[in-house]
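Observations on the three-dimensional arrangement
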Amino acid sequence: MASTGQVIRCKAAVAWEAGKPLVIEEVEVAPPQAMEVRLKILVTSLCHSDVCFWEAKGQTPLFPRIFGHEAAGIVESVGEGVTDLEPGDHVLPVFTGECKECRHCKSEESNMCDLLRVNADRGVMLSDGNSRFSIRGQPIYHFVGTSTFSEYTVVHVGCLVKINPAAPLDKVCLLSCGISTGLGATLNVAKPKAGSTVAIFGLGAVGLAAAEGARISGASRIIGVDLYSSRFNEAKKFGVTEFVNPNDYDKPVHEVIAEMTDGGVDRSVECTGSISAMISAFECVHDGWGVAVLVGVPSKDDSFKTHPVNFLSERTLKGTFFGNYKPRTDLPSVVEKYMNKELELEKFISHEVPFSEINKAFEYMLARASLRCIIRMGE
Ligand SMILES: NC(=O)c1ccc[n+]([C@@H]2O[C@H](COP(=O)([O-])OP(=O)(O)OC[C@H]3O[C@@H](n4cnc5c(N)ncnc54)[C@H](O)[C@@H]3O)[C@@H](O)[C@H]2O)c1
Ligand SMILES: [Zn+2]
Ligand SMILES: [Zn+2]
């Protein structure tokens, strides 16, 4: 390709300050260095984690920065040492990588790669501590190694998943974060048995994907918990059978759920990011066998408080990053689940905007109007 080894000038949506609208700027994207890949992003979507770090409330502020981590694209060029990807390959960038060599990557039980594990406080590339983005010589920080709110971005090869080129990128982009996270939290971590009762805290896209996992597992009751009853109608499409709005009760939500389920649910999955929901999600599982799984990203200063007797009475608390999927090893088969129609992605897409209107995607999410908003780069 003519652009190989050259700086590419393209459009990116730059966050100059916390909580301020992104500005579409012309940025310079440096060529990929060793073990890096430069890709053309075709579609990206907005996940709540982008909004959390853009607001930077309770998170380390790092600006100016290019956010975005749920996306799909095509390899433009590869750096030295990259052998398993080539220009033209269809890829999903992922916020947590898989080097395939560390202890975690070699363990069947972990997807927490030592080298490429998510680090939201690092805004630069691993190899040389520099950014590949700049505007008139000023470096712009990366976000979780992906920075997909740019027409071109540079990503470590271990954070790229090569996928079936026949897969529609404007659908499978959702698998690069939220949907895989929720689905895997249920299928790989909570592992409900057929006929069991599952509570899902937070009915955003991640929670609804967790509900989808419960439905696929054959759960008999799926109880959705959210502070906004407007979420309940949408959730019915995802197999959620009952709803609880904690604001409708004058007792703690775990007690409400215990009463509904003769002592507690078999499994719960928390997908809110709220510390109180995390504690309730744990306390609402049945003693003796209940398992709660935390997915939401908490604020920096949060701490989890519960009485130890809740553990002694044989409740289990787990947490997951990216639904415990090893991205490069496992995601191609999740893409195939979509291709085989075992998994529906269309129902997660509530909005679409062109890249020039990316701020609308933020407005929809902040107004809780959207599940997932697809942002198309090419106009
Ligand atoms: N662990 C991971 O790997 C991972 C990956 C992706 C996203 N996440 C996190 O998952 C969470 C959900 O993401 P999303 O994109 O679906 O967000 P979202 O904002 O679309 O949905 C969150 C839902 O939680 C509800 N909620 C908030 N506080 C609540 C409470 N106290 N009780 C009940 N419901 C409550 C909100 O009303 C909202 O409907 C976020 O915290 C996100 O950062 C984690
Ligand atoms: Zn995400
Ligand atoms: Zn590794």
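Residues numbered from 1 in each chain as written. Chains lettered and ligands numbered in written order. Predicted model: local features only at pLDDT ≥ 70, side-chain atom pairs only at ≥ 80, totals over all residues. Heavy atoms only, no water.

1. So, the pairing of strand β16 (residues 349-354)
- Bridge count for β16 against strand β17 (residues 372-376) is 5 bridges, and the pairing is parallel. In the strand pairing of β17, isoleucine 349 is matched with arginine 372. (Pairing = 2+ DSSP bridges. Helix = DSSP H or I, 4+ residues; strand = E, 2+ residues; numbered from the N terminus.)

2. A few points about the UniProt feature "domain: Alcohol dehydrogenase-like N-terminal" (unreviewed entry) in the protein chain
- Under the present numbering, the feature "domain: Alcohol dehydrogenase-like N-terminal" (unreviewed entry) in UniProt falls on residues 35-164.
- Along residues 35-164 the backbone is 9% helical and 28% strand, and the end-to-end C-alpha distance reaches 22 Å. (UniProt positions renumbered as here; feature names shortened; annotations may be inferred.)

3. Brief notes about the pattern of salt bridges
- Within the structure shown, the criterion is met by 21 salt bridges.
- For lysine 360, the salt bridge identified is with glutamate 357, shortest N-O distance 3.0 Å.
- Given a relative accessible area of 35%, lysine 360 falls into the partly exposed group.
- Ionic contacts of the salt-bridge type, sharing partners, join the residues Asp170, Lys171, Glu352 and Arg376 into one network. (Salt bridge = Lys/Arg side-chain N within 4 Å of Asp/Glu carboxyl O. Buried < 20%, exposed > 50% of the residue type's maximum accessible area, 1.4 Å probe, protein only.)

4. Topic: the coordination of the zinc ion (ligand 2)
- On the protein side, the zinc ion (ligand 2) has Cys47 (SG), His69 (NE2) and Cys177 (SG) as donor atoms, found 2.0 to 2.3 Å from it.
- Read N to C, the donor residues that coordinate the zinc ion (ligand 2) are spaced as C-x21-H-x107-C. Of this pair, cysteine 47 sits in the loop between β3 (36-45) and α1 (48-55) while histidine 69 sits in the loop between α1 and β4 (70-78), and the two are 22 residues apart along the sequence. Assigned by exposure class, cysteine 47 and histidine 69 land together as buried. (Donors = N, O, S within 2.8 Å, 3.2 Å for Na, K, Ca; no water.)

5. Considerations on the sheet that holds strand β13 (residues 267-270)
- Strand order in the open sheet made by the 6 strands is β12-β11-β10-β13-β14-β15, with parallel pairing throughout. Where the open sheet ends on each side, the last strands, each with one partner, are β12 (242-244) and β15 (316-319). Shown here is a sheet whose adjacent strand axes are inclined to one another by a mean of 20°, direction ignored.
- Here 4 bridges tie strand β14 (residues 291-294) to β15, and the two strands are oriented parallel to one another. Its bridge partner being in β15, leucine 294 is matched across the sheet by glycine 319.
- Against the sheet, helix α4 (residues 178-190) engages β13, β14 and β15, with an angle of about 140° to β13.
- Running at roughly 170° to strand β10 (residues 197-201), helix α5 (residues 205-216) makes contact with β10, β11 (221-225) and β13 of the sheet. (Axes fitted to C-alpha atoms, helices over the stretch in contact; angles between N-to-C directions. Contact = heavy atoms within 4.5 Å.)

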